[in-house]
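Fold and geometry: a report
Now for the letters of each chain:
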Amino acid sequence: MDRVYLDNAATTPLLEEVIDAMVDVMKTQYGNPSSTYSIGQEAKAIIEENRRKVAAYLNVTPAEIIFTSCGTESNNMIIRSSVDNLGVQRIITSPMEHKCVAETCLEMKKMRGVELVYLRPDSKGDFDLAKLESLLQNSEKKTLVSLMHANNEIGNLLDIEKVAALCKQYDALYHSDTVQTVAHMPLDFSKIMVDFASCSAHKFHGPKGAGFAFIRKSSGLKGIIVGGSQERSLRAGTENVTGIVGLGKALDIAVEHMNEYANHMEDIKAYTIEKLTEKIPGILFNGHSAERGTSLYTLLSVLLPFKNPLIGLQLDMKGIAVSQGSACSSGAAKPSMVMMSILTDEQMDNCTPLRLSFSHMTSKSDIDALAKALEEIKEATIEKMNV
Ligand code: PLP
């Protein structure tokens, strides 16, 4: 059975060039980067070369990039340390954030007594920035705003330049989870004045187990993993040289082909919208997902006009991998906070959300296979309902 992989927002396959670069380092660079002899210093130099690469992409200084193990670690570090070391007493966030942000914020409320304020989205998944401004205006408490750049379930893009400017105006710190946008679009942090951001290499054909946190100079943030003085004492532990090389190589390729990949995926997304609209009358697209410019080009969030909680499994049996991003995230039985925040009760009861996410390797024949499978499942579901 040919496999169709449409869950690239969850993770992406490693590119051959990335594997080659990592294997080369694994074979030759076994030195500990903290050692003073040459084989250690060579490994250290490789890390610094990749740090400069990341910094150049974001238009920041290399000292502002801290390599970590993943997006989850970066987000944890930023939020926890903002509370523990920067005196944050209030966090403004949203029910649309990734679990690693949502859970960390909740823990800061429970364990540290931080005030947690949620900015609620409308039915399109948009936030009222005037409301954010009034929240920022009306508190004396040191505040961290944590609002993601692109939503990983519905793809909505937030104007983080505007949010960052508001935060600056009212002296709040701004953390943006940029896991779904790093390497997929240009990001200039000399203009977008976020204080903190996060990245995960496996979202752009790099390895799992490698990511970074952007920590603006002078923020005073400290690490949460202590021990050695690696990563300017912000993240102790012997560096994952292989993973960092994989991250750097994947970023190189993504940046070099950014326009070409974006055009390809926009094309695939338009084709998917056309095909699914033809095969599944009544289908809807969540948030800004079906629009250009206001949504990730890598992702299409659909709402099928029938209820079938087993659809992920049924598609998998036909060789198609997608995320249900809805009634259950990663097999969990609880409904997704994102879907509960934007869908009506009637939609939650009678419809089935699906997240389709693309890469530059996705082809129109993948989409044809998906459309055919969904049409078959729709017919079988409706038939069963009528029995
Ligand atoms: N933030 C967002 C928006 C994500 O989509 C993900 C991964 O799904 C993460 C954070 C967590 O990243 P990682 O898998 O590297 O821990």
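Residues numbered from 1 in each chain as written. Predicted model: local features only at pLDDT ≥ 70, side-chain atom pairs only at ≥ 80, totals over all residues. Heavy atoms only, no water.

**Remarks on the site of the ligand**
The cut-off we apply is this: Being near a molecule or strand, for a residue, means having at least one of its heavy atoms within 4 Å of it. Polar contact is the term for a pair of N or O atoms within 3.5 Å; when the atoms are in protein, one must be able to donate a hydrogen and the other to accept it, and sequence-neighboring residues count only if both atoms are side-chain atoms. Every accessible area reported is derived by Shrake-Rupley at a probe size of 1.4 Å, with residue values counting cover from the shown protein chains alone. Under the scheme used here, helices are H or I runs from DSSP no shorter than 4 residues and strands are E runs no shorter than 2 residues, and both carry numbers assigned from the N terminus. Classification convention: Asp, Glu, Lys, Arg as charged; Ala, Val, Leu, Ile, Met, Phe, Trp, Tyr, Cys, Pro as nonpolar; all other residues, Gly among them, as polar.
Taken together, 14 residues lie near the ligand, and T72, D177, Q180, S200 and K203 sit nearest. One nitrogen or oxygen atom from the side chain of T72 is found 2.6 Å from an oxygen atom belonging to the ligand. K203 has a polar side-chain atom sitting 2.5 Å from an oxygen atom of the ligand. In isolation the ligand has 390 Å² of accessible area, and contact with the protein removes 87% of it. Counting residues per element, the shell around the ligand draws most heavily on helix α3 (residues 71-86), which supplies 3 residues. Taken together, the residues that form the shell around the ligand break down as 4 nonpolar, 8 polar and 2 charged.

**Some details on the environment of V302**
Put simply, the rule is: In this scheme, a residue with accessible area under 20% of its type's maximum is buried, one over 50% is exposed, and one in between is partly exposed, where area comes from a 1.4 Å probe on protein chains only. Throughout, a residue-residue contact means that at least one pair of heavy atoms, one from each residue, lies within 4.5 Å.
Residue position: V302 is located in strand β10 (residues 299-304). Residue V302 is classed as buried on the basis of its relative accessible area, which comes to 0%. Taking the C-alpha atoms as reference points, V302 and A371, separated by 69 residues in sequence, lie 12 Å from one another. Those residues in contact with V302 that sit more than four places away from it in its chain are L276, I283, L284, F285, N286, T352, P353, L354 and L356.

**Observations concerning the pairing of strand β5 (residues 143-146)**
Keep this limit in mind: Whether two strands pair comes down to DSSP finding at least two bridges between them. Orient the strands so they point away from the viewer, and a crossover whose first-strand-to-second-strand path over the helix runs clockwise is right-handed.
The side-chain alternation of β5 yields two buried faces, one formed by T143 and V145 and the other by L144 and S146. Where β5 lies against strand β6 (residues 173-176), 3 bridges are found, and the strand directions are parallel. Note that in β6 the partner of L144 across the bridge is L173. Assessed by its sense of winding, the connection that carries the chain from β5 through helix α6 (residues 160-169) to β6 is right-handed.

**Quick look at a negative patch on the surface**
What counts is decided by this rule: Patch criteria: residues need more than 30% relative accessible area and no salt bridge. Like-charged residues are merged within 9 Å; nonpolar side chains of Val, Leu, Ile, Met, Phe, Trp and Tyr are merged within 5 Å. Any carboxyl oxygen of Asp or Glu within 4 Å of a side-chain nitrogen of Lys or Arg constitutes a salt bridge here. Only four residue types enter the tally: Lys and Arg on the positive side, Asp and Glu on the negative side, with His and both chain ends excluded. The location of each charge is read from NZ of Lys, CZ of Arg, CG of Asp or CD of Glu.
A contiguous patch of negative charge, built from E16, E17, D20 and D24, is present on the exposed surface. As for its placement among the helices and strands, E17 is situated in helix α1 (residues 16-28).

**Notes on the packing of aromatic side chains**
The following threshold applies: Aromatic pairing here means that ring centres of Phe, Tyr or Trp (its six-membered ring) are within 6.5 Å. Orientation follows from the plane angle: under 30 degrees is stacked, over 60 is edge-to-face, and everything else is tilted. Criterion for a charge above a ring: Lys NZ or Arg CZ within 6 Å of the ring centre, and within 35 degrees of the ring normal.
Applying the stated criterion across every chain yields a total of 1 aromatic pair. When the ring of F189 is compared with that of F214, the centres are 5.0 Å apart and the planes differ by 45°; the resulting orientation is tilted. A residue pair is termed long-range when its members are at least 10 positions apart, and F189 in the loop between β6 and β7 (196-200) and F214 in strand β8 (residues 211-215) qualify at 25 residues. Taken individually, F189 and F214 each receive the classification buried, so the pair is uniform in this respect. A cation sits over an aromatic face here: K364 above Y271, 5.1 Å from the ring centre.

**Quick look at the pattern of salt bridges**
Scanning the model with the defined rule gives 18 salt bridges in all. A salt bridge links E376 to K318; its shortest N-O distance comes to 2.7 Å. Of this pair, E376 sits in helix α12 (residues 364-386) while K318 sits in the loop between α9 (311-317) and β11 (320-321), placing them 58 residues apart in sequence. Take K318: its relative accessible area is 34%, and that puts it in the partly exposed class.

**What to know about the pairing of β7**
Extensive coverage of β7 is indicated by the burial of 5 of its 5 residues. Burial of β7 is two-sided: the residues F196, S198 and S200 facing one way and the residues A197 and C199 facing the other way are all buried. Judged from the 2 bridges that link them, β6 and β7 form a sheet pairing that is parallel. Paired with S176 across the two strands is A197, which belongs to β7. Pairing between β7 and β8: 5 bridges, direction antiparallel.

**Notes on the side chain of H288**
By the element assignment, H288 lies in the loop between β9 (284-285) and β10. Take H288: its relative accessible area is 12%, and that puts it in the buried class. Separated by 2.7 Å, the side chains of H288 and E291 make a polar contact. Ignoring anything within four residues of it in the chain, the contact list for H288 reads K124, D126, N156, T294 and S295.

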